[in-house]
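Structural description and commentary
Take a look at the letters that make up each chain.
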Amino acid sequence: MGWASAGLQGTAGIVRLSASLLDRTDRHCADFAAVKARPGLWPPPGERRRFAPWEEFPLGLVMRALDAAEFDGADVDEAVSRVLETNRSPVHPGAAVWVRHACHAYMAAGKWIADELGDVAVVPQRHPRVVQSGSAAELRMLTAWGRWYESPDGSVREFRRLRMSRIGEAEAPSVAAISFVAAAGRRAVGNVYRDAPVQVIDDERAPTRIRVVEVMLDDDVVPRVLVDATPEEVRRRYRNGGMQVAQRIVAGGDRRPGAECVECKLRASCDELPYVPGLLGLGDAGTHRRTWSVTTGRQYLVCPAQAQMRELRLPADRFDGGPAARRGVVVHQWLELAHRRGRACGLVDLPEPDAADIGIAAQVMTAEEYREARPYLLAHLAVCPLAGPGRVTDLMVEPSVAAYDPVADVVVIADPDLVRRVDGRVVYREQKTTAGAVPAGGPREVFSRVPQLALAVLLIRQGVFGRDGDGVVELEVMTPAGAAVHAFGVADPAVVGAAREEVARMVTGWHRDVAFRARPGHWCARCPVARWCPDRSEGADPDAPIEVDGARIDPRTGEVLDGPVSGRAAAVSAVISEPVADEDIAY
C-alpha cells in the first residue's frame, strides 16, 4: 500500500468499489485504483483538480434522458432536448448528436429484450443496488453503474450494462461483480456515490433469477445476455474469482504513470511520474488538467471537432486502410515480438514465405500478409537496433511513457516503438514502413512528417529518461529495397529548436480551445466520427484523393501521392494510415 503514506487527507476507512474497476490489468496503475476506491481520501488543498468547462461524460446525459423516458413517461426526443438544454456545462454538437442516437438505440434494445427474453416481464427501477458491510474500522461498498430492472413480483432482477463502442468480455471479473450486486445488493434510497453508509431498504421477496444484459448503444447491435443464473450460482462465481480480484484492487500495488494521472489523488506525491515544467512550451495552465499526445495533436490539426469527439470517446467507425495500412500494423507487431526476446533479429527469424512454419510471424499475420511484409522485415535486419554497434542495455519495447508539465497542467503521453541505451546513452526509435517517398531533410522537415520524434527530443532533453538529458532520436524507415535510419542528437540546439516549434504548432491551439469547431473538408469522408458531426462535409467522394495545402493524399492508405507535405497534410495522412483503436470505458 504505497499510497498509505502519500500525504493524502481524510480517512481510508471507506471503500467504495465500482464493479468496472475489476477489469483492470497489469498495464494499469494499481495504486490509482486503490485510492479511487477510497472516496474519503483527497489530495492537499493546493492539488485539487480543475474540471473541464464542457460536458466530459455524454453517457451520463444518456442516463438522465432515459430516466425521464422510463420513469416520467417523457418522449425520448423531448427528454434528450431537455437534458441538453438544461445541462450545467456546454455539450459539444457531436456529443449531442450521439446522445440522441444512443437513447434511441437503447429504446430499440429494450424492445428486443422484451420480445426475445419476454418469458418474464421486467420494469425499470429507480433505485440502484449496493452491497455494503462495515465494522468499527472500515465500511466497504460494491456498486454497479447501469440500469436496473425487476419483475413485478421481485423474483427476477435484471441489470443492463451500457457500452458505447465495444463489447466486453463475457467472463470478465466485472461481470461476476455486477451479477453479485444484483443478487446480494439492497435497494439504495440514499446516494450510492455520495453517502457512506448508503441508506437502503429491504426487498419483500428474495430473487430466484439474476440476469445481466449488455446493451451496445448503436444501431443493429443485438443485446447480449452475459448472466442468466440463480442467486446461488452468482454468489458462488463471485466467491471463486471476483472476490479475490476485488481484494487485489483495493490493496493497490505497482504504479504505472499514464492517462489516469490526470485525475489521480496521488499525482503530486508520485515518484514514478516525471515532472517536467515547460515541456510543452506553454505559458499558462489552460482550461483544466488533461492529457495530450501526438495523436491528439494530429487529430486537432485535421479538425478540432474530431479531436474533441475522440477525447469524449464517442464511437468511431473503422475504415479499411487497404494492404498498406495492414502491412504497417503487422510489421510493427512482428518487430515488437522479435525485440521482446532481447536479441537482434536475424535471417533465421524470417523463413521463406512458402515454408510450413513462418516462425513468429504466424502469431500476428496470415501467410499472405507475411509474403508482403517479409521484404520490409528483411530490410530491417541491417539496421536492427539490438544488433549494435555498441552495448545495448535498459531495453524497453513499446513502453508507455508519461510526463507531467505543471506549467501547462497537462499529462503528456508517448508510445515509442523502442527505447534503449547504447553505451549508456538513451536512444529512442520510431519505425515506419513505406512503399512511397521516404521522409527526408533536416529536423524541421522530418519532425513535421513524424512529430513523435519532436516530442521524443523534448522528453530526452528534459530528463524523462535520465538526468543527463542527452541521447539520440532515431527514425527507421523500411522499404522493400532497404532500410535507413535518420538520427538526431538531442544536444544539437537546432534539433531542440525544431522540436519545440513542432510541438508548439500542435499543442497551442488545442490547449486554449473551448469550442472545438468542425473544419469540414475532403477528409470528412474518412473521419471516424463524422456521423456524429452536424457540420461534416457532405457529398465528398470517399475514393477521391484528399487535397490538403497542395498535397494529394490517398484516402484509403494515407499515402501522399504528390505535392508539398505541410504539417497539416502530414496529420491528415497519419490519421488515415495509423488509425487509433477505438477504446471503450467500462462502467
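For the structure, check the block above.
Read on for a plain summary of the structure. (Residues numbered from 1 in each chain as written. Predicted model: local features only at pLDDT ≥ 70, side-chain atom pairs only at ≥ 80, totals over all residues. Heavy atoms only, no water.)

**Quick look at the layout of surface pockets**
A volume near 300 Å³ is recorded for the second largest pocket. Listing elements by their share of the lining of the second largest pocket, those giving two or more residues are β2 (14-18), β5 (129-134), β6 (139-143) and α6 (231-251). A per-element tally of the lining of the second largest pocket places α6 first, with five residues. Split into classes, the residues belonging to the lining of the second largest pocket amount to ten nonpolar, three polar and one charged. (1 Å grid on protein atoms, 1.4 Å probe; cavity = no way out; pocket = protein on both sides within 12 Å on 5 of 7 lines; lining within 4 Å. Points joined across faces, edges and corners; volume = space filled by probe spheres on them. Helix = DSSP H or I, 4+ residues; strand = E, 2+ residues; numbered from the N terminus. Nonpolar A, V, L, I, M, F, W, Y, C, P; charged D, E, K, R; others polar.)

**Things to note about a negative patch on the surface**
Negative charge collects at one region of the surface, where D26, D254, D271 and E272 lie side by side. Within the secondary structure, D271 is located in the loop between α6 and β13 (290-292). Here D271 falls in the exposed class, since its relative accessible area comes to 76%. (Patch = residues over 30% accessible without salt bridge, like charges linked within 9 Å, V, L, I, M, F, W, Y side chains within 5 Å. Areas by Shrake-Rupley, 256 points an atom, 1.4 Å probe, with all protein chains shown as cover. Salt bridge = Lys/Arg side-chain N within 4 Å of Asp/Glu carboxyl O. Lys, Arg positive; Asp, Glu negative; His and termini not counted. Charge placed at Lys NZ, Arg CZ, Asp CG, Glu CD. Buried < 20%, exposed > 50% of the residue type's maximum accessible area, 1.4 Å probe, protein only.)

**Side note on the sheet that holds strand β9 (residues 186-188)**
In spatial order, the strands read β2-β6-β5-β9-β10; together these five strands make up an open sheet with mixed pairing. The two strands at the open ends of the sheet, each matched to only one other strand, are β2 and β10 (200-201). Here β2 runs beside β6; their pairing, made up of five bridges, is parallel. Bridge pairing links R16 to M141 in β6. Relative to the sheet, helix α5 (residues 173-184) contacts β5, β6 and β9, its axis offset from that of β5 by approximately 85 degrees. Relative to the sheet, α6 contacts β2 and β6, its axis offset from that of β2 by approximately 125 degrees. (Pairing = 2+ DSSP bridges. Contact = heavy atoms within 4.5 Å. Axes fitted to C-alpha atoms, helices over the stretch in contact; angles between N-to-C directions.)

**Brief notes about the environment of P323**
One can find P323 in helix α9 (residues 322-339). A C-alpha to C-alpha distance of 23 Å links P323 and D349, two positions 26 residues apart in sequence.

**Here we look at the sheet that holds strand β14 (residues 392-397)**
Within the open sheet, the five strands sit side by side as β14-β17-β18-β19-β20. Their pairing is mixed. Of all strands in the sheet, those bounded by a partner on one side alone are β14 and β20 (482-489). With strand direction ignored, the average angle separating the axes of adjacent strands in the sheet is 20 degrees. Where strand β19 (residues 471-479) meets β20, eight bridges bridge the pair, whose relative direction is antiparallel. By the bridge assignment, E476 is partnered in β20 with V485. Packed onto the sheet, helix α12 (residues 451-461) meets β18 (425-433) and β19 and runs at close to 160 degrees relative to β19.

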